[in-house]
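The primary structure of each chain is shown beneath.
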Amino acid sequence: MLASVQPLPSQDDIEAAHPVPDQHGANLFATDPDLGALLPLYLPDDLYRHLLPHLDRMGELAGGVLDTLANVADHHPPELSYRTRTGIDAQRIDKHPAYVELERVAFSEFGLAAASHRGGVLGWPAPMPPAAKYALTYLFVQAEFGLCCPLSMTDSLTRTLRKFGDPALVERFLPALTTQVFEDLYQGAMFMTEQGAGSDVAATATQAVRAEAAESADGAWRLWGDKWFCSNPDAALAMVLARPAGAPEGIKGVSLFLLPRTLADGSANHYRIIRLKDKLGTRSMASGEIRLEGAHAWLVGEPGRGFVQMADMINNSRLSNGVRAAGLMRRALSEGLFIARERRAFGKRLADMPLMRRQLLKLTLPTEQARTMVFQTAEALRRADLGEADAYPLMRILTPLIKFRACRDARKVTGDAMEMRGGCGYIEEWSDPRLVRDAHLGSIWEGTSNIVALDVLRAIRREGALPVLRAHLDALLAQAPLHADARAAFATAITRAQALAQHAADAGADGDVLARQAASALYHVTSAAAMAWEAGRIGSRRRMRLAQLVLAHRVLPRDPLAGESEPAWLAEAVYPRAGDTGCTAAALKTVTVF
């Protein structure tokens, strides 16, 4: 008798039984219930409901197609070509088709660079508030980080041009900067950094000379000099800092200019891309060195106020940096949660092991802090643009706070999450190495950690931002249903953080050494207070615990030699559960970790 033939297992059966869990293909919006719960707090109800299908689609794309494209683009960096095959000088940057497809999704399908500047994006009739754009970007960056730099610079250049540019320039270029027709799109860039003038803008050496009337009928200038680190160097338009001939030395002699890639007659402007940078991260996106050789450009705003005007663009980009850091942390945490839930070792799920839960908590806290700070800062920006009282100084201090702390946290969170995947996490086929490499750029772009921490003190000294921030935190806590012990802990921590920051600001140069410590303290108490407010609004025990844990783990003194048993609610704090929202205020007042 012939032995019975057993059917071969299907590929699905093999993959389902495989010991290495792979989350690829998951919808990153659907698997993040906290995002769906929090967005109604920061968006008008009608806009939130309108965006739901678009958020769902972005989550689906980011977890699958975009993630695949990002990995391909990361392995095939752009290349600089200097001449055509017939020997004509015609520089171009050749981008991999995977990167171009990412551009189409971000700029064209979702209009992420245009959403704040005109109606019609995603079918919404008016310009969207910052929180809407950043919610979609938060999902997009979980797949692709590098392209978010051109997105941010295009958005920020458009904002700065509209705010300070000559109306004729705005009319001329705004349609191309905000179009969703991909072939007609003008991307933006910012050429500021020089070898001798990185964060020290006052040392800018690039020279600007008024063009002769015979050379330019529209009042253009000519720019000469080298720019050392220029991301998106083939952008159609770039904002450039330069010193007009005869202008004084120092910051007051620097002006802002708009530089086109192509002149009105279709010829290339007079600057060259010397080479592309070989970077640790953001490999998908080109960064290069630029030599200006009498390039035509237009003055933007008032002469001598270039840094003030560029600062508006930089602040917008710094907030975008915070969004990117928050998104990277969320992707890393999402991968860690999936691995811990699906991977088994020593007869147990990793998620059931106390040390693993503790590690997940350490990833969760900075991730949730950053997400909350994104939306708090976006709301302050919206209010500041409307001219609401005290909104500008609040935005001015929240922006460097998130740029400083969230970008530093992302480096650790992505690294620790990579460790959770073990050896596979070190392999370039997975997302982990890309997240780690990209995360390190956040602390450098738009100002290093020291520069941005000092900007926190500058916002306190020049804008009077600290009392405004304190009033904001007091208002949030007044609406938060807190346990008495928790309320006392919040009050003490906020008062001490405020005192430290004020001391650092008042001490002048002697206080600068405290800038990082003060910035971290303000970030932690601000995010904790805002998370407690969010917890009350959505009725979440878990989020209330997380808010209090931010204080307990990141602010308040702890004995490193004291043994601590695992609290019964730790697993709930790490993994959101169905039915977590909708808790009454009375019930939330019983929640305390102190």
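Values in this document were obtained by computation on a predicted structure and should not be read as measured data. Per chain, residue numbering runs from 1 following the sequence as it is written. Selection of residues for local features in this predicted model requires a pLDDT of at least 70, selection of side-chain atom pairs for listing and counting requires 80 or more, and totals for whole chains, interfaces and linings are taken over all residues. Computation of side-chain values: all heavy atoms of the structure, hydrogens and water removed.

### Considerations on the overall build of the chain
No. 1: Check the secondary structure of the chain and you find 19 helices and 11 strands.
No. 2: In terms of overall size, the chain behaves like a compact globule, its C-alpha atoms giving a radius of gyration of 25 Å where 594 residues would be expected to give roughly 25 Å.
No. 3: For the chain, the spread of C-alpha atoms along the three principal axes comes to 85 × 85 × 45 Å.
No. 4: A simple rule labels every residue: compare its accessible area, found with a 1.4 Å probe on the protein chains alone, to the largest value its type can have, and call it buried under 20%, exposed over 50%, or partly exposed in between. Taken across its 594 residues, the chain has 57% of its residues classed as buried.
No. 5: The long-range share in the chain, meaning contacts at least 24 apart out of those at least 6 apart in sequence, stands at 75%.
No. 6: Only carbon and sulfur atoms are counted for the fraction: they give 54% of the accessible area of the chain, which is about 24700 Å².
No. 7: When charges are tallied, Lys and Arg are placed among the positive residues and Asp and Glu among the negative ones, while His and the ends of the chain are skipped. Lysine's charge is taken at NZ, arginine's at CZ, aspartate's at CG and glutamate's at CD. In the chain, which carries 66 positive and 67 negative side-chain charges, the distance between the mean positions of the two groups comes to 4 Å. Each helix is a run of H or I in the DSSP string that is no shorter than four residues. Each strand is a run of E no shorter than two, and both are numbered from the N terminus. We compute the radius of gyration over the C-alpha atoms and compare it with the globule rule, which gives 2.2 Å times the number of residues raised to the power 0.38. By definition in these notes, contact holds between two residues if any of their heavy atoms fall within 4.5 Å. Only the protein chains shown count as covering a residue, and every accessible area follows the Shrake-Rupley method with a 1.4 Å probe.

### A closer look at empty space enclosed by the protein
No. 1: Put plainly, a pocket is an open set of points on a 1 Å grid over the protein atoms alone with protein on both sides within 12 Å along at least five of seven lines, a cavity is a set where a 1.4 Å probe fits but cannot get out, and a lining residue has an atom within 4 Å of a point. Grid points are joined across faces, edges and corners, and a volume is the space filled by probe spheres set on the points. Summed over all chains, the structure comprises 3 cavities of 30 Å³ or more.
No. 2: By volume, the largest cavity amounts to about 100 Å³.
No. 3: Every residue along the wall of the largest cavity is listed here: L112, K133, Y134, T137, C148, L151, S152, D155, S156, N316 and S320.
No. 4: Going through the elements one at a time, α6 (130-140), α7 (148-164) and α9 (306-342) are the ones with two or more residues in the lining of the largest cavity.
No. 5: The element contributing the most residues to the lining of the largest cavity is α7, with 5 residues.
No. 6: Note on residue categories: nonpolar means Ala, Val, Leu, Ile, Met, Phe, Trp, Tyr, Cys or Pro, charged means Asp, Glu, Lys or Arg, and polar means any other residue, Gly included. Taken together, the residues of the lining of the largest cavity sort by class into 4 nonpolar, 5 polar and 2 charged.

### Overview of the layout of surface pockets
No. 1: The computed volume of the largest pocket comes to approximately 1300 Å³.
No. 2: For the lining of the largest pocket, the secondary-structure elements that each account for two or more residues are α7, β5 (221-231), α9, α11 (391-421) and α13 (449-463).
No. 3: In terms of residues, the lining of the largest pocket owes the most to one element, α9, which gives 9 residues.
No. 4: Split into classes, the residues belonging to the lining of the largest pocket amount to 24 nonpolar, 12 polar and 13 charged.

### Regarding the packing of helix α16 (residues 515-538) against helix α17 (residues 541-554)
No. 1: Here, axes are lines fitted to C-alpha atoms. For helices the fit covers the stretch in contact, and angles between N-to-C directions go from 0 to 180 degrees. Closest axis-to-axis distance for the α16/α17 pair is 7 Å, and the angle between their directions is 165 degrees. With respect to each other, α16 and α17 are oriented roughly antiparallel. As α16 packs across α17, the resulting crossing turns out to be left-handed. From α16, H524, V525, S527, A528, M531, A532, E534, A535, G536 and I538 reach across to α17, where they touch R543, M544, L546, A547, V550, L551 and R554.
No. 2: Partitioning the contact of α16 with α17 into residue classes produces 11 nonpolar, 3 polar and 3 charged. Just so you know how the angles are binned, under 35 degrees is roughly parallel, over 145 roughly antiparallel, 65 to 115 roughly perpendicular, and the rest oblique. We call a crossing left-handed when the near helix sits turned anticlockwise from the far one by less than a right angle, and right-handed when that turn is clockwise.

### Remarks on the UniProt feature "domain: Adaptive response protein AidB N-terminal" (unreviewed entry) in the chain
No. 1: UniProt positions are given in the numbering used here, feature names are shortened, and annotations may be inferred rather than shown by experiment. Mapped onto this numbering, the UniProt entry gives "domain: Adaptive response protein AidB N-terminal" (unreviewed entry) at residues 21-182.
No. 2: Overall, residues 21-182 shows 57% helix and 7% strand. The separation of its end C-alpha atoms is 37 Å.

### Observations regarding the packing of aromatic side chains
No. 1: Two rings from Phe, Tyr or Trp (for Trp, the six-membered ring) form a pair when their centres are within 6.5 Å of each other. A pair whose planes differ by under 30 degrees is stacked, one over 60 is edge-to-face, and the rest are tilted. Counted according to the given criterion, the structure contains 7 aromatic pairs.
No. 2: Arranged with centres 6.5 Å apart and planes meeting at 75 degrees, the rings of F191 and Y271 form a pair that is edge-to-face. Here Y271 lies in strand β8 (residues 271-276) and F191 lies in strand β3 (residues 188-191), a separation of 80 residues in the sequence.
No. 3: The buried category is assigned to F191, whose relative accessible area is 1%.
No. 4: Using a relative accessible area of 4% as the deciding quantity, one classes Y271 as buried.

### What about the pattern of salt bridges?
Side chains carrying opposite charge are able to pair once their charged atoms draw close together.
No. 1: Any carboxyl oxygen of Asp or Glu that lies within 4 Å of a side-chain nitrogen of Lys or Arg is treated as forming a salt bridge with it. Counted according to the given criterion, the structure contains 45 salt bridges.
No. 2: Here R437 makes a salt bridge to E428, at a shortest N to O gap of 3.0 Å.
No. 3: For the salt bridge of D455 with R458, the shortest nitrogen-to-oxygen distance reads 2.7 Å. In this pair, D455 and R458 are both assigned in helix α13, 3 residues apart and thus about one turn of the helix distant.

### Describing the pairing of β5
No. 1: Two strands qualify as a pair provided that DSSP identifies no fewer than 2 bridges between them. In the sheet, strand β4 (residues 207-210) pairs with β5 via 4 bridges, with the strands oriented antiparallel. Residue pairing for β5: A208 is matched across the bridge by L223.
No. 2: With 9 bridges connecting them, β5 and strand β9 (residues 287-300) associate as antiparallel partners. Of the residues in β9, the one forming a bridge with R222 is H296.

### Notes on unusual backbone geometry
No. 1: In this model, N232 sits at a positive phi of 55 degrees, which is unusual for a non-glycine residue.
No. 2: Within the secondary structure layout, N232 lies in the loop between β5 and β6 (237-244).
No. 3: Of the residues examined, N232 reaches a relative accessible area of 3% and is grouped as buried.
No. 4: Even without a glycine there, the phi angle at D390 is positive, about 70 degrees.
No. 5: As for its position among the elements, D390 is in the loop between α10 (354-385) and α11.
No. 6: Judged by its relative accessible area of 48%, D390 is partly exposed.

### A short note on the pairing of β9
No. 1: Taking burial as the measure, the 14 residues of β9 include 11 buried ones, the bulk of the element.
No. 2: Here strand β7 (residues 255-260) pairs with β9 via 3 bridges, running antiparallel. Its bridge partner being in β9, L258 is matched across the sheet by W298.
No. 3: With 5 bridges connecting them, β8 and β9 associate as antiparallel partners. Within β9, the residue paired with Y271 across the bridge is L292.

### Quick look at the nonpolar core
No. 1: F140, L258 and L522 are the most contacted members of the largest nonpolar core, which totals 196 residues.
No. 2: Looking at this core element by element, the count peaks at 15 residues for α16. Throughout, nonpolar core names a set of buried Ala, Val, Leu, Ile, Met, Phe, Trp, Tyr and Cys residues whose side chains join them through atoms within 4.5 Å.

### Some words on helix α4 (residues 65-75)
No. 1: Residues of α4 that are buried include every one of L66, D67, L69, A70, A73 and D74, and no others. Down the axis of α4, the smallest arc covering the buried residues is 160 degrees, so these residues share one side.
No. 2: Looking at the buried side of α4, the elements it contacts are α3 (45-63), α5 (97-109), α6, α9 and α12 (432-439). Summarising the geometry, the arc corresponds to the directions from the helix axis toward the C-beta atoms.

### Observations regarding the packing of α7 against helix α8 (residues 167-178)
The packing of two helices is summarised by the inter-axis angle and the distance between the axes.
No. 1: As a packed pair, α7 and α8 sit with axes 10 Å apart at the nearest point and diverge in direction by 160 degrees. Taken together, the axes of α7 and α8 lie roughly antiparallel to each other. The two elements α7 and α8 cross, and the hand of that crossing is left-handed. Together, T154, L157, T158, L161 and R162 of α7 and L169, V170, F173, L174, L177 and T178 of α8 make up the contact between the two elements.
No. 2: For the contact of α7 with α8, the residue count by class is 7 nonpolar, 3 polar and 1 charged.

### So, α11
No. 1: In this scheme, a helix's expected span is set at 1.5 Å multiplied by one less than its residue total. Between its first and last C-alpha, α11 extends 43 Å over 31 residues, near the 45 Å set by a 1.5 Å rise per residue.
No. 2: Among the 31 residues of α11, 24 are classified as buried, and the element is accordingly described as predominantly covered.
No. 3: Positive phi appears at G422, one or two residues downstream of α11, with a value of about 75 degrees.

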